[in-house]
Amino acid sequence: MSTATTTVRGVEQVTQPPQHGKPGGIMRHLNLGTGLLTGIVFAVGAGWIVAALTPSSATTPTFAPAGPEYVYLAGLIGWVIGFMLGMGAFIGPLRWMMGRDLTHDDAEYMAGKDLGVKRYIKFTTDHKVVGVQYLVVTLVIFGFGGTLAMLIRTELGVTWSEVFSPEFYNSLIGTHGIAMIIAMIIAVSGPLGNFIVPMMIGARDMAYPRLNALSLWLLVAAAVCLISSMFVGGMQDGWSAYQPLGSQAPPGMLGYQLTIIVFAISTAIASVNLMTTILTMRAKGMTWSRTPIFVYGIFASSLMGLYAFPFYQYSQILALTDRVWGTVFFNPLYGGSVWLYENLFWLLGHPEVYVIIIPTAAVTLELMPVFLRKPLFSYNFAIAGIVGVVALSGLVWAHHMYMTGWAPAVNYPFMLSTEMISIPVGFLVLVAIGTFWRGTVWTRLPLMAVYALVFNKMIGGVTGIYLSDVPADQYFHGSMFVVAHFHYMLMGAGLFGAMGGIAFYFPKMTGRILDERIGSIGLWTAFVGFQLTFGSMFVAGLQGMPRRVLQFDEQFNISNWISTIGAYIIGLGMLIFLAAIIFSWTSGVRASGNPWGSKSLEWQTAQPVPLENFEVLPVVTERPYNYGVPDPYDEELAAEDGDRVEKVGAS
Ligand code: HEM
Ligand SMILES: [Cu+2]
């Protein structure tokens, strides 16, 4: 449908639909409070209706109890729909269907114009607000996952008695795993992908602002489903929720399945939005060879999320129908296949680690030139590294199934593809190390996190090579060595890197500098705790300690005591880092628009950043990262480009 336009003083004006009432209409009355209320009402209502309709002795497949399952499931679905309705998530399409399309004034209201802090608890479309909302949601989910980790380590550290029941301990492990995975998936792409990318490419907002807000609030709705599962028995067979074991677990498994189904919708929407924005809204002159590495990282992780998450979503939809409606997709008793589930799960499970690692690597390579005052060492190799990871990310999943007996013959091709992926990952590490070389080191909190990341990444990477080898994996599979390895990767590299990215962009997001002293105490305390926790876990794994066990032989006591003490130190360090965030956000040193002296577009915006980011859209005429000592490798390329930056309003 073409939009009618008129031209006023040479400027094209889109003819606005008539304004109905005040700008924003019903959105003026909707916020997190109405969302929660509607969500609860819908949950209780749906549960009640289903309870009334379901005879308590309803016959269901042999291994799942009757009535209460449906009531809980109906409650979860009612919660998600009610919460989204109460937030006003569907107002745009509903108004359009009623022929009362949103006007520019309505859109400005929904962008949070002149709403002050209120805009942070509303369905707000401004990418900067969504970025901050993602940061808060990420911190809350980390808090939840981290608390469960402390409980897990408490149980494993108290070797002389049991602290929790086996059922509760099982649900701790699985819920911790999935909560942390979700938190890590959004840790960089959520806050920084949303807040920074549009400014970094010289755009006024994301391609689909309303979809942006939708992805955030769907995530909140999903997180509540996960937390609710702990109150109905939790999910007790690990974060991978292998079937058909999962179908015999308590109803909490339904909470996990709804979480994944809704979270997958949220990530798909966010991925499409980020990719469309990057493909269609880059500033004039920002060709691919002038596009910042962080933009490549976000594009790559969105692409991987987009192809991988549906596998996860389908695996949970099929598992849910197996449980509730008696289908037998994964039940070998009736011709279903356990291996089908495992393949679907790991077709997501492995690419998802790159959905976590690539944005972290990209934000790290983005901030390093600023603190080393030199161009990124071999920008093209960094891009090749990211492209290489994306290309191979979908070809390694079965290395998680070497020991399942699924298809021994393919173990070696998967071993090869897994070994190969360390090449493009290696490119990224070499680019980081090369950027340190001959740099003028300016050690501030963001760069400190890079030191921690590179150290942890080395250990995580090397131990990953052992695990990718079939012969070695025969010994390590299912042991604490595996647990230590992926924590070094997902947390040691992923989380520490994300802390660096947040510290770097904190001034732009909040207008304040993240307190260096408190922040660095938190970071290094967590770093020391981290080495103790997972370093000793490597030892326990080498000794042969299996994962996911409540009781174990006393030969593993010492490594578990050290690991638990380490975990408490991580907990303390993270609390100090969180205190730095809260203290700086409320009363920290005020930041100028560009406290680090960066040359990238996002730092050329005013502080606070205006609603539409730039008065006049910038024009880019040079490659990124032209700091200090020109990089000899780029000199001839620079000559080719005939470089010169021309940014309207740039200092
Ligand atoms: C505060 C720091 C953390 C501590 C102390 C911790 C501790 C643990 C422990 C002890 C286990 C294994 C339990 C077992 O198998 O017996 C575990 C499992 C797991 N952790 Fe963490 N963790 C922490 C942070 C993280 C982070 C940041 C992630 C990020 C992705 C993560 C992801 C996982 C996953 C996926 C599992 C596997 C769960 C399962 O077996 O189903 N953890 N964690
Ligand atoms: Cu893997």
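Given the structure is predicted, the values throughout are model-derived calculations rather than measurements.

A. Main features of the coordination of the iron atom of ligand 1. Protein-derived coordination of the iron atom of ligand 1 comes from His 176 (NE2) and His 487 (NE2), at a distance range of 2.0 Å. One way to put it: the 6 donor atoms around the iron atom of ligand 1 meet at angles of 86 to 179 degrees, and that makes the site octahedral. Here His 176, found in helix H6 (residues 166-187), pairs with His 487, found in helix H17 (residues 480-510); they are 311 residues apart in sequence, far enough to count as distant. Residue classification places His 176 among the buried positions, given a relative accessible area of 13%.

B. Representation of the confidence of the model for the protein chain. Chain-level pLDDT for the protein chain is 92 on average; 93% of the residues reach the 70-or-more range. Low pLDDT, under 50, characterises residues 58-65; the predicted model gives this stretch 13 contacts beyond four residues in sequence or across chains. Below a pLDDT of 50 lies the segment residues 641-651, which in the model reaches 21 contacts outside its immediate sequence neighbourhood of four places, other chains included.

C. Local environment of the site of ligand 1. Lining the immediate surroundings of ligand 1 are 26 residues, of which His 176, Trp 239, His 487, Arg 547 and Arg 548 lie closest. Within the side chain of Arg 547, one N or O atom sits 2.8 Å away from an oxygen atom of ligand 1. Here an oxygen atom of ligand 1 and a side-chain polar atom of Arg 548 are 2.6 Å apart. Breaking the shell around ligand 1 down by element, the ones donating at least two residues are helix H5 (127-157), H6, H17, helix H18 (516-543) and helix H19 (557-587).

D. Highlighting the side chain of Ser 189. Tracing the backbone shows Ser 189 in helix H7 (residues 189-200). Not counting chain neighbours up to four residues away, the residues in contact with Ser 189 comprise Asn 194, Ile 298, Ser 301 and Pro 359.

What counts, and where the lines are drawn
Residues numbered from 1 in each chain as written. Chains lettered and ligands numbered in written order. Predicted model: local features only at pLDDT ≥ 70, side-chain atom pairs only at ≥ 80, totals over all residues. Heavy atoms only, no water. Donors = N, O, S within 2.8 Å, 3.2 Å for Na, K, Ca; no water. Tetrahedral: all angles 85-135°; square planar, octahedral: opposite > 155°, others 65-115°. Helix = DSSP H or I, 4+ residues; strand = E, 2+ residues; numbered from the N terminus. Buried < 20%, exposed > 50% of the residue type's maximum accessible area, 1.4 Å probe, protein only. pLDDT = per-residue confidence, 0-100. Contact = heavy atoms within 4.5 Å. Near = heavy atom within 4 Å. Polar contact = N/O pair within 3.5 Å; in protein donor to acceptor, adjacent residues only side chain to side chain.

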